[in-house]
Amino acid sequence: MITTIRFLWEYYDFPVWAYDENGHYVPVEEVEEFKTHPDLYDRFASLQRRYDDLFINSPTEFGYAGFRSEEARQAFEKDADEAMQEFIRTAGGRYKIQNDMDPL
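All of these numbers come straight from a predicted model, not from anything done at the bench.

This paragraph deals with the layout of surface pockets. Where empty space is left can be seen by rolling a probe of water-molecule size over the atoms. In this model, the largest pocket occupies a volume close to 200 Å³. Considering the residues around the largest pocket, the lining is formed by Arg50, Asp53, Leu54, Gly66, Phe67, Arg68, Ala72 and Phe76. Looking at side-chain class alone, the lining of the largest pocket contains 4 nonpolar, 1 polar and 3 charged residues.

Structure, rendered in structure tokens:
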């Protein structure tokens, strides 16, 4: 049973992590809110693509490139916060929420 939801940015990983009562990772596909609200899953998937675009990943280089502007950073953080708040509302207190999304 899923007891904890963690929000965390990692390159090429979905930003919502689920854990059971023993602290073991549970595949995000098992999170009920994403099964019943696929649009919510899609919002996080879109945010992850935007996050991944902040990095240079080539055969000779990997690194953080960052946002093109301060406005782009603010828009991303606003969209991420809104998606997280929607998930929390949808879950209705069912999980312990751990927010490890560091400001970018």
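What follows picks up the thread again.
This next bit is on the environment of Asp53. With respect to the helices and strands, the residue Asp53 is situated in the loop between helix H2 (38-52) and strand S4 (55-57). The exposure class of Asp53 is exposed, given its relative accessible area of 62%. The sequence separation of Asp53 and Trp9 amounts to 44 residues, and the corresponding C-alpha distance is 12 Å.

Turning our eyes to something else, we now look at helix H3 (residues 70-91). Over its 22 residues, H3 runs 32 Å from end to end, which matches the ideal 32 Å to within 8%, given 1.5 Å per residue. Buried residues of H3: Arg73, Phe76, Ala80, Ala83, Met84, Glu86, Phe87 and Ala91, and no others. Relative to the axis of H3, the buried residues are bounded by an arc of 160° and lie together on one face. Away from the buried face of H3 by more than 90 degrees, exposed residues Glu71 and Arg89 are located. Close packing links the buried residues of H3 with strand S1 (2-7), helix H1 (32-36), H2 and strand S6 (96-99). Where H3 terminates, the next one or two residues include Gly92, which has phi positive at roughly 60°.

Here H2 is 15 residues long and its end C-alpha atoms lie 21 Å apart, about the 21 Å a rise of 1.5 Å per residue gives. Those residues of H2 lying buried are Leu40, Phe44, Ala45, Leu47, Gln48, Tyr51 and Asp52. Considered in projection along H2, the buried side chains sweep an arc of 160° and stay on one side of the axis. Close packing links the buried residues of H2 with S1, strand S2 (16-20), H1, S4 and H3.

Moving on to the nonpolar core. Ranked by size, the top nonpolar core spans 26 residues in total, and within it Ile5, Phe7, Val16, Val31, Phe34, Phe44 and Phe87 carry the most contacts. Elements supplying a minimum of two residues to this core: S1, S2, H2 and H3. Among the elements that line this core, the one with the most residues is H3, at 6 residues. Dropping the residues within four chain positions of it, Phe44 is found in contact with Phe7, Phe14, Pro15, Val16, Phe34, Ala83, Met84 and Phe87.

Not every positive phi belongs to a glycine, and Tyr12 is a case in point at roughly 55°. Counting through the fold element by element, Tyr12 comes out in the loop between S1 and S2.

Below, the discussion takes up the sheet that holds S2. Sheet strands associate in pairs through backbone hydrogen bonding, adopting either a parallel or an antiparallel arrangement. Overall, mixed pairing links the 4 strands, which are arranged S3-S2-S1-S6 in an open sheet. Every interior strand has two partners, whereas the edge strands, strand S3 (25-26) and S6, have only one. When S1 meets S2, the two strands line up antiparallel, connected through 5 bridges. Looking at S2, one finds that Ile5 is bridged to Ala18. Strand contacts of H3: S1 and S6, with the helix running at about 170° to S1, the strand carrying the most contacts.

Analysis parameters
Residues numbered from 1 in each chain as written. Predicted model: local features only at pLDDT ≥ 70, side-chain atom pairs only at ≥ 80, totals over all residues. Heavy atoms only, no water. 1 Å grid on protein atoms, 1.4 Å probe; cavity = no way out; pocket = protein on both sides within 12 Å on 5 of 7 lines; lining within 4 Å. Points joined across faces, edges and corners; volume = space filled by probe spheres on them. Nonpolar A, V, L, I, M, F, W, Y, C, P; charged D, E, K, R; others polar. Helix = DSSP H or I, 4+ residues; strand = E, 2+ residues; numbered from the N terminus. Buried < 20%, exposed > 50% of the residue type's maximum accessible area, 1.4 Å probe, protein only. Expected span 1.5 Å × (residues − 1). Arc of directions from axis to C-beta. Contact = heavy atoms within 4.5 Å. Core = buried A, V, L, I, M, F, W, Y, C linked by side-chain atoms within 4.5 Å. Pairing = 2+ DSSP bridges. Axes fitted to C-alpha atoms, helices over the stretch in contact; angles between N-to-C directions.

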